[in-house]
Amino acid sequence: MRESFDIVGVGYTALDYLGVVPGLPAEDAKLEIRDFTIQGGGPAATAMVTARRLGASAALIAKVGGDDFGREMLSELRREAVDASAVVVERGAASQFAFIMVNASTAARTILWTRGTVSPLRPDEVDLALVGAAKGLLIDDLEPAAALPAARHARARGIPVLIDAGSLRDGVRELLPHCDYIFASERFAEQISGGAGPRSALAALDSFGPKACGVTLGERGSIALSRGRIIEAPGFAVHAVDTTGAGDVFHGAFLVAALQGWDVERCCIFSNAVAALKCRRMGGRAGIPTMEEASAFLARECPALDFRMRRLP
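Let us look at the structure shown here. Counting restarts for each chain, with residues numbered from 1 along the sequence as it is written. For this predicted model, a pLDDT threshold of at least 70 governs which residues receive local features, and a threshold of 80 or more governs which side-chain atom pairs are given and counted, while totals over whole chains, interfaces and linings are taken from all residues. By convention in this description, side-chain values take in all heavy atoms of the structure and omit both hydrogens and water.

**Side note on the side chain of Asp83**
Then step 1. Comment: elements are numbered from the N terminus, with helices defined as DSSP H or I runs of at least four residues and strands as E runs of at least two. Checked against the element boundaries, Asp83 lands in the loop between α2 (68-79) and β6 (88-90).
Then step 2. Whenever two N or O atoms come within 3.5 Å, that pair is a polar contact, provided that in protein one can donate a hydrogen and the other can accept it, and provided that, for residues adjacent in sequence, both atoms are side-chain atoms. Side-chain polar atoms of Asp83 contact the side chain of Ser85, separated by 2.6 Å.

As structure tokens, this is what we get:
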């Protein structure tokens with residue numbers, strides 16, 4: 001029998017090369033990197049690492065090349081105890097990676113990335129038995145062809161589906177009716193609302209019929225719509241070093257919280273906190289807190305709310 005996991009992710013994984021610079025360079029300029037690190041990245045993959053740090057079991061379905069980059073991505077997932085047995089290795093293909101410039105003065109990041117020569121994850125490469133045995137499914141917008149059968153399979157079995165909607169790419173609209181939770185970046189919100197802003201984007205996202213939809217707003221927190229109610233959850237003040245991966249972390253934390261049966265407002269507050277704590281360290285994953293760290297932070301910041309986790313059934 002296929003091993004089951006609390007959360008399964010279907011989507012994108014990458015390797016991130018991150019360097020801290022004093023500001024964005026002008027053309028034909030040279031800048032000295034103040035700090036440098038190599039970490040795994042990608043929306044679905046980083047969300048699965050977040051789920052594990054928070055105590056949920058997690059597995060990833062993705063595709064990498066059969067090169068050193070691909071091997072390092074898989075090694076890091078295994079070090080984080082994310083099951084990578086369903087990740088497809090495409091022999092002879094160059095893996096996806098990104099170079100990320102982190103602005104030392106603002107903690108904002110500029111990403112230069114490539115898919116390499118790895119082909120898109122195909123629907124027939126998705127382990128539907130693994131999806132069907134999960135308690136929750138997370139998909140991203142970077143592998144829409146593979147995410148669609150996974151989302152359909154999960155919804156048919158009553159498994160909640162969350163989409164990390166970063167950009168309105170081809171095939172993404174087709175995914176949205178199969179999602180219980182649609183949480184978008186500000187870029188996606190602008191695209192789907194025609195530039196009308198986050199509140200108008202919520203109405204557009206809600207038309208697809210999710211239980212809840214929302215927009216992540218960086219340091220300003222997040223805004224969501226559930227059962228006709230607008231929920232504004234402010235961000236948390238931390239000493240931010242790097243915002244890379246904060247949205248990915250938010251999505252992983254939200255699905256973990258939703259599986260606890262928490263209401264949408266509590267899920268948003270929790271996810272804002274976990275994403276903020278991530279920003280204290282460089283890279284998309286190094287700063288992801290454990291559940292104990294997140295709980296201690298929230299006990300100080302929101303003492304009136306209970307964020308204790310129970311073991312998922």
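Now that the structure is up, let's keep going.
**Section: the sheet that holds strand β2 (residues 14-21)**
Then step 1. Pairing between strands requires that DSSP locate at least two bridges from one strand to the other. One open sheet holds the four strands; their spatial order is β3-β2-β7-β8, and the pairing between them is mixed. The open sheet has two edge strands with one neighbour each: β3 (35-41) and β8 (109-114). Recorded for the sheet is a direction-independent mean angle of 20° between the axes of neighbouring strands.
Then step 2. Direction of pairing for β2 relative to strand β7 (residues 97-103): parallel, over a ladder of seven bridges. What sits directly across from Val21, in β7, is Asn103.
Then step 3. Here, two residues are considered to be in contact whenever any of their heavy atoms come within 4.5 Å of each other. Every axis corresponds to a line fitted to the C-alpha atoms, with the helix fit spanning only the stretch in contact, and the corresponding angles, defined between N-to-C directions, vary from 0 to 180 degrees. Lying on the sheet, α2 is in contact with β2, β3 and β7; it crosses β2 at an angle near 90°.

**Overview of helix α7 (residues 246-259)**
At 3.6 residues per turn, the α-helix brings residues three or four places apart onto the same side.
Then step 1. Expected helix span is given by 1.5 Å per residue-to-residue step, counting one fewer step than there are residues. Under the 1.5 Å per step criterion, the end-to-end length of α7 is 20 Å for 14 residues, consistent within 8% with the ideal 20 Å.
Then step 2. Accessibility here uses a 1.4 Å probe with only protein chains present; expressed as a share of the type maximum, an area under 20% marks a residue as buried, one over 50% as exposed, and anything in between as partly exposed. Buried residues dominate α7, accounting for 13 of its 14 residues.
Then step 3. Just past α7, the residue Gly261 takes up positive phi, approximately 85°.

**Section: the pattern of salt bridges**
Then step 1. By salt bridge we mean one thing: a side-chain nitrogen of Lys or Arg within 4 Å of a carboxyl oxygen of Asp or Glu. By the definition in use, this model includes 14 salt bridges.
Then step 2. Asp306 serves as the salt-bridge partner of Arg308, at 3.0 Å between the closest nitrogen and oxygen.

**Topic: unusual backbone geometry**
Then step 1. The backbone phi angle of Asp28 is positive, close to 65°, even though this residue is not glycine.
Then step 2. Here Asp28 shows up in the loop between β2 and β3.
Then step 3. Classification of Asp28 by relative accessible area gives exposed; the value is 80%.
Then step 4. With a phi close to 55°, Arg227 is a non-glycine residue in the positive phi region.
Then step 5. Examined against the element boundaries, Arg227 turns out to sit in the loop between β13 (222-226) and β14 (229-233).

**Notes on the side chain of Lys63**
Then step 1. Mapped onto the fold, Lys63 is located in strand β5 (residues 63-65).
Then step 2. For Lys63, the side chain forms a polar contact with the side chain of Ser119, separated by 2.9 Å.
Then step 3. Aside from chain neighbours lying at most four places away, what touches Lys63 is Thr13, Val87, Val88, Glu90, Gln96, Val118, Ser119, Pro120, Leu121, Arg122 and Glu125.

**A short note on the nonpolar core**
Then step 1. One finds Met48, Leu60, Phe236, Phe254, Phe270 and Leu298 to be the most contacted residues of the largest nonpolar core, which totals 58 residues.
Then step 2. Setting aside anything within four residues of it in sequence, one finds Met48 in contact with Ile7, Val8, Gly9, Ala58, Ala59, Leu60, Val82 and Leu138.
Then step 3. With 41 residues, the next largest nonpolar core counts Ala147, Ile182, Ala184 and Ala189 among its residues. By nonpolar core we mean a set of buried residues, namely Ala, Val, Leu, Ile, Met, Phe, Trp, Tyr and Cys, connected to one another through side-chain atoms within 4.5 Å.

**Section: the packing of helix α1 (residues 43-53) against α7**
Helix packing geometry: the angle between the two helix axes and the distance between the axes.
Then step 1. Viewed as axis vectors pointing N to C, α1 and α7 meet at an angle of 50°, and their least axial separation amounts to 7 Å. The angle between α1 and α7 falls in the class oblique. Along this stretch, α1 crosses α7, giving a crossing that reads as right-handed. From α1, Pro43, Thr46, Ala47, Thr50 and Ala51 reach across to α7, where they touch Asp248, Val249, Gly252, Ala253 and Val256.
Then step 2. For the contact of α1 with α7, the per-class residue count stands at six nonpolar, three polar and one charged. Here the angle decides the label: under 35 degrees means roughly parallel, over 145 means roughly antiparallel, 65 to 115 means roughly perpendicular, and every other value means oblique. What makes a crossing left-handed is the near helix being turned counterclockwise from the far one by less than a right angle; a clockwise turn instead makes it right-handed. Basically, the charged four are Asp, Glu, Lys and Arg, the nonpolar ten are Ala, Val, Leu, Ile, Met, Phe, Trp, Tyr, Cys and Pro, and anything else, Gly included, counts as polar.

**Looking at the environment of Gly245**
Then step 1. Among the structural elements, Gly245 can be located in the loop between β14 and α7.
Then step 2. You can call Gly245 buried: its relative accessible area is 12%.
Then step 3. The spatial distance from the C-alpha of Gly245 to the C-alpha of Gly214 is 17 Å, given a sequence separation of 31 residues.
Then step 4. Those residues in contact with Gly245 that lie beyond four places of it in its chain are Lys278 and Gly284.

**Quick word on α2**
Then step 1. Between the first and last C-alpha of α2 there are 16 Å, a value that for twelve residues agrees with the 16 Å anticipated at 1.5 Å per step.
Then step 2. Here α2 has its buried residues at Gly70, Met73, Leu74, Glu76 and Leu77. Axial view of α2: buried residues confined to an arc of 160°, hence all on one face. Exposed side chains of α2 directed beyond 90 degrees from the buried face belong to Asp68, Arg78 and Arg79.
Then step 3. On its buried side, α2 packs onto β2, β3, α1, β4 (58-61), β5 and β6. The arc in question is traced by the directions running from the helix axis to the C-beta atoms.

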